Amino acid sequence: MSPPTPIRLGVAGLGYWGPNLARNFDDLADLRWLCDVSESTRARFATRYPQAALTGEFAEMLADPDLDAVVVATPVPTHFALARQALEAGKHVLVEKPPALRADEAEELCALAEDRDLVLLPGHLLLYHPGVKKLKQLVDAGELGEVLCLYGNRQNLGKIRRDENALWSLGVHDLSVILYLVDEKPSEVVAHGNAFLTEGVEDVVFCYLRFPSGKIAHMHLSWLDPHKMRRITVVGRDKMVVFDDMELERKVTIYEKAPEQPAESYGEWRTRTGDIFSPKIPNDEPLRLECEHFLGLVRGEGDRFRAARDGLAVVRTLEQLQESLVAVSA
Ligand SMILES: NC(=O)c1ccc[n+]([C@@H]2O[C@H](COP(=O)([O-])OP(=O)(O)OC[C@H]3O[C@@H](n4cnc5c(N)ncnc54)[C@H](O)[C@@H]3O)[C@@H](O)[C@H]2O)c1
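Quick caveat, the model's predicted, so the values are computed rather than measured.

Colleague: Just checking my understanding: could you explain the packing of helix H1 (residues 18-28) against helix H9 (residues 286-298) for this structure?
Modeller: The axes of two packed helices give the description: the angle between them and the distance between them. The interhelical angle for the contact between H1 and H9, taken along N-to-C directions, is 55°, at an axis separation of 10 Å. It follows from the interaxial angle that H1 and H9 lie oblique. Regarding H1 and H9, the two cross each other, and that crossing is right-handed. Of the residues in H9, those touching H1 at Asn20, Leu21, Asn24, Phe25, Asp27 and Leu28 are Leu287, Arg288, Glu290, Cys291, Glu292, Phe294 and Leu295.

Dropping the structure here:
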């Protein structure tokens, strides 16, 4: 049997992140087009990918009838319009997170993709991290017992942004993981924060989420912090687990710690402390896994629309948190 024809693909946005996508898709697919509005940026890629056509016009790339799919790695405010244009042109789309800045726009993209039977994959990179996959496995297998609460810490000093607040810039990562682990939509969300450096752009945001099952979650998001933290903690009734992306080797640590009520304690709560161990986590590049997942979906493997709907839930929750942030600070 002859191997399947490689998927013909174009990448738009060749700033900081787009070249990583171009590198992976050059290995995994047929990289036909590179698009960036900046001429000097385009010039840097002419020799690296000689087989790919270069353009500053997104529409020119979309007009190629042989092109199967496009990747949108342009600034966040452009995501919705470019993703919509690509879907309308009949192309499968991998769009960087978040796919849109409003839930109604994300909803429109989902509906358009479903209507045209096209893949719309928001690039929630952390969901492909083998450490996060391990968390999901532990939660779903009931290893931790009932999950009670979970929280994300995404803090550092910098990178200070002026056009996106910490909720949208940093929270999009932790929120995608929290919703993936809990697999419920929150029934209550509250965010508090403050804009210290740039008017209207919150540098520090604390979020609280409550789910219908009673689970609660928290996110501390900040670029004004002495600690560089990239951590997600899940507390179960039987065990607790921490995913720490700053760790080189011990990305996931399982703590056999829990409260208990032994018969002889007559209803008193005691704590049990057992082993602490770190399972082996594969070293696979999450972006590579994300690109492979996208190509698999385009080829018809798996649930074509699930990821877009999950991405919509992230945008909707971010929007609710943003409304709360504004209301609470007013
Ligand atoms: N998943 C991750 O971990 C991760 C990491 C970094 C960035 N990102 C995402 O990648 C996207 C790009 O971020 P970045 O840091 O590379 O930004 P960047 O500003 O470095 O690059 C954006 C590029 O897009 C180009 N561009 C702007 N409008 C365009 C248009 N209409 N058509 C074609 N090109 C256009 C710009 O000229 C620029 O070269 C953002 O959505 C960001 O959230 C994701």
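So much for the structure itself; the text now carries on.
Colleague: I would appreciate a short explanation of the site of the ligand in the present structure.
Modeller: Around the ligand, a shell composed of 19 residues is seen, among which Tyr16, Trp17, Asp36, His79 and Lys97 lie nearest. Between the ligand and the protein, one listed contact pairs an oxygen atom with a backbone N or O atom of Tyr16 at 3.0 Å. Here an oxygen atom of the ligand sits 3.3 Å away from a polar atom, N or O, in the main chain of Thr74. Protein chains bury 76% of the 850 Å² of accessible surface belonging to the ligand in isolation. Taken together, the residues of the shell around the ligand break down into 10 nonpolar, 6 polar and 3 charged.

Colleague: What is the right way to look at the pairing of strand E11 (residues 224-236) in this model?
Modeller: In this sheet, E11 lies alongside strand E7 (residues 147-157) in antiparallel orientation, the contact comprising 9 bridges. Among the inter-strand pairings, Leu157 is bridged to a residue of E11, identified as Leu224. Looking at chain direction, E11 and strand E12 (residues 240-244) are connected through 5 bridges and run antiparallel. The residue of E12 that forms the bridge with Arg231 is Asp244.

Colleague: For this particular structure, what's the right way to read the environment of Glu249?
Modeller: On the secondary structure map, Glu249 appears in the loop between E12 and strand E13 (252-260). What makes Glu249 exposed here is its relative accessible area of 72%.

Colleague: Would you take a moment to explain the sheet that holds strand E1 (residues 8-12) for this structure?
Modeller: Within a sheet, each strand pairs with its neighbour through backbone hydrogen bonds, oriented either parallel or antiparallel. Here we have 6 strands laid out as an open sheet, ordered E3-E2-E1-E4-E5-E6, and parallel in their pairing. Strand pairing shows two members of the sheet lacking a second neighbour, strand E3 (53-55) and strand E6 (120-123), which therefore form its edges. For this sheet, the mean inter-axis angle between neighbouring strands, taken without regard to orientation, is 20°. As defined by bridge partners, strand E4 (residues 69-72) adjoins strand E5 (residues 92-96) across 4 bridges and the pair is classed as parallel. Its bridge partner being in E5, Ala69 is matched across the sheet by His92. Running over the sheet, helix H4 (residues 79-88) touches E4, E5 and E6 and is turned about 170° from E5.

Colleague: How should the packing of H4 against helix H5 (residues 103-116) be read in this particular structure?
Modeller: Across the interface, H4 lies against H5 with an axial gap of 10 Å and an inter-helix angle of 15°. With respect to their mutual orientation, H4 and H5 come out roughly parallel. Judged by the sense of rotation from one axis to the other, the crossing of H4 with H5 is left-handed. Seen from H4, the contacting residues are Phe80, Ala83, Arg84, Leu87 and Glu88; seen from H5, they are Glu105, Glu108, Leu109, Leu112, Ala113 and Arg116. Grouping the amino acids of the contact of H4 with H5 by side-chain chemistry returns 6 nonpolar, no polar and 5 charged.

Colleague: Before we go on, may I ask you to explain the side chain of Glu184 in this structure?
Modeller: Structurally, Glu184 can be placed in the loop between helix H8 (171-182) and strand E8 (188-194). Setting aside residues up to four positions removed in sequence, Glu184 forms contacts with Leu179, Phe211, Pro212, Ser213 and Lys215.

Colleague: Sorry if this is basic, but what is going on with the nonpolar core here?
Modeller: Generally speaking, nonpolar side chains in soluble globular proteins are found buried as a group. Core analysis: the biggest nonpolar cluster contains 97 residues, and Phe25, Phe58, Val234 and Phe294 have the highest contact counts within it. When residues in this core are grouped by element, the largest group, 9 residues, is from helix H10 (residues 306-329). Apart from residues lying up to four places away in sequence, Phe25 is in contact with Leu9, Asp30, Leu31, Val71, Leu94, Cys291, Phe294 and Leu295.

Colleague: Just to check I follow, could you spell out the side chain of Lys239 for this structure?
Modeller: With respect to the element layout, Lys239 can be found in the loop between E11 and E12. Overall, the relative accessible area of 17% leaves Lys239 in the buried class. Discounting residues that sit within four places of it in the chain, Lys239 has contacts with Glu143, Leu144, Val234, Ile254, Tyr255, Glu256 and Lys257.

Colleague: What am I meant to see in the sheet that holds strand E10 (residues 216-222) here?
Modeller: Here we have 8 strands laid out as an open sheet, ordered E8-E9-E10-E7-E11-E12-E13-E14, and mixed in their pairing. In this open sheet, the two edge strands, each paired with only one partner strand, are E8 and strand E14 (270-277). Between one strand axis and the next, the sheet turns through 15° on average, direction left out of account. The strands touched by helix H6 (residues 130-140) within the sheet are E7, E11, E12 and E13, with E12 carrying the most contacts at an inclination of about 165°. Against the sheet, H8 makes contact with E7, strand E9 (204-210), E10 and E11, and its axis sits at roughly 165° relative to E10, the strand it touches most.

Colleague: Would you take a moment to explain a nonpolar patch on the surface for this structure?
Modeller: Where nonpolar side chains cluster on the molecular surface, the patch consists of Leu157, Ile160, Phe196, Leu197 and Leu224 and spans about 490 Å² of accessible area. The topology assignment puts Leu197 in the loop between E8 and E9. Note on Leu197: relative accessible area 47%, which makes it partly exposed.

Reading the values: rules and limits
- Within any chain, residue numbers begin from 1 and follow the written order of that chain's sequence.
- The predicted origin of the model limits local features to residues at a pLDDT of at least 70 and limits the giving and counting of side-chain atom pairs to 80 or more, whereas totals for whole chains, interfaces and linings rest on all residues.
- As a rule here, side-chain values come from all non-hydrogen atoms in the structure, and water together with hydrogens is ignored.
- Fitted lines through C-alpha atoms serve as axes, helices being fitted only where they are in contact, and the angles separating the N-to-C directions of these axes extend from 0 to 180 degrees.
- Only DSSP runs of H or I covering at least 4 residues are called helices, and only runs of E covering at least 2 are called strands; the numbering of each starts at the N terminus.
- In what follows, roughly perpendicular refers to angles from 65 to 115 degrees, roughly parallel to angles under 35, roughly antiparallel to angles over 145, and oblique to any angle outside these ranges.
- Crossing handedness follows the turn of the near helix against the far one: under a right angle anticlockwise gives a left-handed crossing, and clockwise gives a right-handed one.
- Note on definitions: a residue-residue contact is assigned when non-hydrogen atoms from the two residues lie within 4.5 Å.
- Here a residue counts as near a molecule or strand whenever at least one of its heavy atoms sits within 4 Å of it.
- Polar contacts, as counted here, are pairs of nitrogen or oxygen atoms within 3.5 Å of one another; within protein the pair requires one atom able to donate a hydrogen and one able to accept it, and residues that are adjacent in sequence qualify only if both atoms are side-chain atoms.
- We get accessible surface area from the Shrake-Rupley algorithm with a probe of 1.4 Å; when it comes to residues, only the shown protein chains can shield them.
- Nonpolar residues are Ala, Val, Leu, Ile, Met, Phe, Trp, Tyr, Cys and Pro. Charged residues are Asp, Glu, Lys and Arg, and all others, Gly as well, are polar.
- If DSSP finds at least two bridges between two strands, the strands pair.
- Relative accessibility decides the category of a residue: with a 1.4 Å probe and only protein chains considered, values under 20% of the type maximum give buried, values over 50% give exposed, and everything between is partly exposed.
- Only buried Ala, Val, Leu, Ile, Met, Phe, Trp, Tyr and Cys residues count toward a nonpolar core, and they belong to the same one when joined by side-chain atoms within 4.5 Å.
- Note that patches include only residues with greater than 30% relative accessible area and no salt bridge, and the join distances are 9 Å for like charges and 5 Å for nonpolar side chains (Val, Leu, Ile, Met, Phe, Trp, Tyr).
- Salt bridge, as used here, is a side-chain nitrogen of Lys or Arg placed within 4 Å of a carboxyl oxygen of Asp or Glu.

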